[in-house]
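# Chain and residue survey
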Amino acid sequence: MSTIAENIAKVGARIREAAQASQRDCGSIGLLAVSKTKAAPAIRQAHAAGLRDFGENYLQEALEKQVELHDLALTWHFIGPIQSNKTRAIAEHFAWVHSVDRLKIAERLSAQRPPQLPPLNVCLQVNVSGEASKSGCSPEQLPALAQAVARLPGLKLRGLMCIPEPSADPAVQRAAFARLRALQSGLGLDLDTLSMGMSHDLEAAIAEGATWVRIGTALFGARDYGAPSP
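Predicted model only: the values in this text are computed from it and were never measured.

### Section: the overall build of the protein chain
Across its full length, the protein chain holds nine helices and eight strands. Here the C-alpha atoms of the protein chain give a radius of gyration of 17 Å, agreeing with the 17 Å that 2.2 N^0.38 yields for 230 residues. Reported as C-alpha extents along the three principal axes, the dimensions of the protein chain are approximately 45 × 40 × 30 Å. A total of 230 residues make up the protein chain; the buried ones form 52% of that total. Contacts spanning at least 24 positions in sequence make up 60% of the contacts within the protein chain whose residues lie at least 6 apart. Treating the 24 positive side-chain charges of the protein chain as one cloud and the 22 negative ones as another, the clouds have centres 3 Å apart.

Here it is as structure tokens:
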């Protein structure tokens, strides 16, 4: 069985190869370790192997791990759907939120971000595949949402995020990521982040400009089922 450190090395090699194939600087692509449902010791192993950024979907689970891992210099990213009653804890305990999909949530995060902390980095989640089961604003809603969020105090709008409909076809994968990139370019805002690509499609995402790839399975193995509800 591969160790987490070995898996991190393999994913790092994939990122470097994809960056080279796209003539991109590997340093412009961040590896966000999706640690949802994984226990604190696995995160410690990943940290020991050089990772610093960790993505969580389930708030209570994440807060418990933050307490257990308080001795490590980690950057925490919230990447799951956001309920209104969870915004205060997210605003207080995370550096990034990748999954803002409506103005109400952004306004609550803005109002609840402690003033002594740096602005909360946020990405707007866009439902690029139009799946009814997926979170995210529609491409049509995006321009107005982006303009409104960019004006909110306590937040820094960094870019966009998507979770496209899964496909094994690299051309289909790239088309979805290209759409997100085009949507961002069309906003006319100073944005620097495209959070897109997971274990099965990170190469396509990097080819289309991803600056964060969100990797769970390829680092930690299959998700631990029986995880807490969000």
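### Describing the packing of aromatic side chains
By the definition in use, this model includes three aromatic pairs. With centroids separated by 6.2 Å and ring planes inclined at 45°, the aromatic side chains of F54 and W76 adopt a geometry described as tilted. Of the two residues, F54 sits in strand β2 (residues 53-56) while W76 sits in strand β3 (residues 75-78), which places them 22 residues apart along the sequence. Classification of F54 as buried rests on a relative accessible area of 0%. A relative accessible area of 8% places W76 in the buried class.

### So, the UniProt feature "modified residue: N6-(pyridoxal phosphate)lysine" (unreviewed entry) in the protein chain
With numbering aligned to this structure, UniProt lists the feature "modified residue: N6-(pyridoxal phosphate)lysine" (unreviewed entry) at K36. Structurally, K36 is set in the loop between β1 (30-34) and α2 (40-48). For K36, a relative accessible area of 21% puts it in the partly exposed group.

Criteria and cut-off values
- Residues numbered from 1 in each chain as written.
- Predicted model: local features only at pLDDT ≥ 70, side-chain atom pairs only at ≥ 80, totals over all residues.
- Heavy atoms only, no water.
- Helix = DSSP H or I, 4+ residues; strand = E, 2+ residues; numbered from the N terminus.
- Rg over C-alpha atoms; globule rule 2.2 N^0.38 Å.
- Buried < 20%, exposed > 50% of the residue type's maximum accessible area, 1.4 Å probe, protein only.
- Contact = heavy atoms within 4.5 Å.
- Lys, Arg positive; Asp, Glu negative; His and termini not counted.
- Charge placed at Lys NZ, Arg CZ, Asp CG, Glu CD.
- Phe/Tyr/Trp six-rings, centres within 6.5 Å; stacked < 30°, edge-to-face > 60°.
- UniProt positions renumbered as here; feature names shortened; annotations may be inferred.

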